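Residue-level listing of the chains:
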Amino acid sequence: MSEPHLPSRGAAWLAALAGAAPRLPGYPPSVQVADTEIAGRAARLIAVVPDAASPFPRARQGEVGLLEGWSLARAVHDVVDADRDRPVKRAIVAVVDTPSQAYGRREEAFGIHQALASAAAAYATARLQGHPVIALLVGKAMSGAFLAHGYQANRILALHDPAVQVHAMGKEAAARITLRSVEDLEAFAATVPPMAYDLDNYATLGLLWRTIPVQPAATPSAGDLATVRRHLQEALDDIDADPHRDLRSRLHGENRGATRRAREALASQWHG
């Protein structure tokens, strides 16, 4: 029996942003790709969504697995190849609602590390080739799934909603690894920002460019859609104005002091 199809924030927000633009053919049902415009600029929207009929059981609830990793890489590389000689590169928007990467024996045996690395490398390549890459977090952004789909963006935006969470692993998995209960882990996370799941703590790490206040975060309203579009436009403008077009701005978070000092020490020794 197939598993029930879960509501997908990624699918809902991609549909709202894409409007009447069709989903591009040739991708698995778990990867939705649409070409549209954002602020008058050509853009490709990409989302990973649940597929209850996936041949890989571990990737049926929106996880990023083998099919998803390679498909994300293809969706991004196709844009890079098509725009190679164009003076204005298309924007790429990763709509992120990913609970995890797909954990399974088949995934490990068939090289999920390569599939997810190919997706991360594709996004990084697009950014380095001059494509403005934006990640819009509308749900969970967990573990290797987020690293593969969204983390390499020039700017990361997030809906300000309790269900939007960012972390290296889910609470239950983190509790098992650290030999704590979920309750103990939550108490610990309240004093250690990198262990927290909420956006406010994540923002102190310097990785989040902006949070976007919305009301029905799971079902975009016309007003919230207009707000998100405005923030996407401002993100594009900010990327275009950035002379570096890299990720160095992430080092300026209030809880990145140790990172900055370590990098300065390494640079001093390297150049000394």
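Structural data are supplied above this passage.
Starting from 1, residues in each chain are numbered consecutively following that chain's sequence as written. Confidence filtering applies because this is a predicted model: local features only for residues at pLDDT of at least 70, side-chain atom pairs given and counted only at 80 or more, and all residues used for totals across whole chains, interfaces and linings. To obtain the side-chain values, all non-hydrogen atoms of the structure were used and water was disregarded.

Some remarks on the overall build of the protein chain
So, step 1. From N to C terminus, the protein chain includes 10 helices and 7 strands.
So, step 2. In this treatment the radius of gyration is a C-alpha quantity, and the globule benchmark scales as 2.2 Å times the residue count to the 0.38 power. For the protein chain, whose C-alpha radius of gyration is 18 Å, the value lies close to the compact-globule estimate of 19 Å for 272 residues.
So, step 3. Referenced to the eigenvectors of the C-alpha coordinate spread, the extents of the protein chain come out at roughly 50 × 50 × 40 Å.
So, step 4. Within the protein chain, residue pairs in contact and separated by at least 24 positions form 71% of the contacts whose partners lie at least 6 positions apart.
So, step 5. Note on areas: Shrake-Rupley, 1.4 Å probe, and residue coverage restricted to the protein chains presented here. Carbon and sulfur atoms make up 56% of the accessible area of the protein chain, which totals about 13100 Å². Every helix listed is a DSSP run of H or I at least four residues long, and every strand listed is a run of E at least two residues long, numbered separately from the N terminus. When checking whether two residues touch, look at their non-hydrogen atoms; a contact exists if any pair is within 4.5 Å.

Side note on the packing of aromatic side chains
So, step 1. Paired rings are identified among Phe, Tyr and Trp, the last through its six-membered ring, by centres lying within 6.5 Å, and are further divided according to the angle between planes into stacked (under 30 degrees), edge-to-face (over 60) and tilted (the rest). Counted by the stated rule, this structure contains 1 aromatic pair.
So, step 2. Ring centres of Phe146 and Tyr151 lie 5.6 Å apart, and the angle between their planes is 80 degrees; this geometry places the pair in the edge-to-face category.
So, step 3. A residue is classified by how much of its surface remains accessible, and Tyr151, at 25% relative accessible area, is partly exposed.
So, step 4. Geometrically, a lysine NZ or arginine CZ counts as sitting over a ring once it is within 6 Å of the ring centre and also within 35 degrees of the ring normal. Cation over ring: Arg74 sits above Tyr27, and NZ or CZ is 4.3 Å from the ring centre.
So, step 5. When the ring centre of Tyr151 is taken as reference, the NZ or CZ atom of Arg250 above it lies at 4.8 Å. Any residue under 20% of the maximum accessible area for its type is buried, any over 50% is exposed, and the rest in between are partly exposed; the area is computed with a 1.4 Å probe on protein chains only.

Observations concerning the layout of surface pockets
So, step 1. In this analysis, the protein atoms alone were mapped onto a 1 Å grid. Cavities are point sets where a 1.4 Å probe fits without being able to get out; pockets are open sets with protein on both sides within 12 Å along at least five of seven lines; lining residues have an atom within 4 Å of a point. Grid points are joined across faces, edges and corners, and a volume is the space filled by probe spheres set on the points. In this model, the largest pocket occupies a volume close to 340 Å³.
So, step 2. What lines the largest pocket is a set of 16 residues, among which Glu63, Pro99, Ser100, Gly170 and Glu172 lie closest to the centre.
So, step 3. Of all the secondary-structure elements, those providing two or more residues to the lining of the largest pocket are strand E4 (133-142) and helix H6 (171-178).
So, step 4. Grouping the constituent residues of the lining of the largest pocket by class yields 6 nonpolar, 5 polar and 5 charged.
So, step 5. There is about 220 Å³ of room inside the second largest pocket. Just so you know the grouping, Ala, Val, Leu, Ile, Met, Phe, Trp, Tyr, Cys and Pro go in nonpolar, Asp, Glu, Lys and Arg go in charged, and all remaining residues, Gly too, go in polar.

Remarks on the pairing of strand E2 (residues 41-48)
So, step 1. Burial analysis of E2 places 7 of its 8 residues in the buried class, which makes it a mostly covered element.
So, step 2. The rule for pairing is simple: two strands pair if DSSP sees at least two bridges between them. Taken together, the 8 bridges between strand E1 (residues 31-38) and E2 define a ladder with antiparallel strand orientation. Of the residues in E2, the one forming a bridge with Asp35 is Arg44.
So, step 3. The hairpin formed by E1 and E2 contains 2 residues between the paired strands, and Ala39 there has a positive phi angle of roughly 55 degrees.
So, step 4. Note: E2 against strand E3 (residues 91-98), 5 bridges, orientation parallel. Following the sheet pairing, Ala47 is matched in E3 by Val95.
So, step 5. Handedness of the crossover joining E2 and E3 through helix H2 (residues 66-82): right-handed. Looking down the strands as they point away from the viewer, one classifies a crossover as right-handed if the path from the first strand across the helix to the second runs clockwise.

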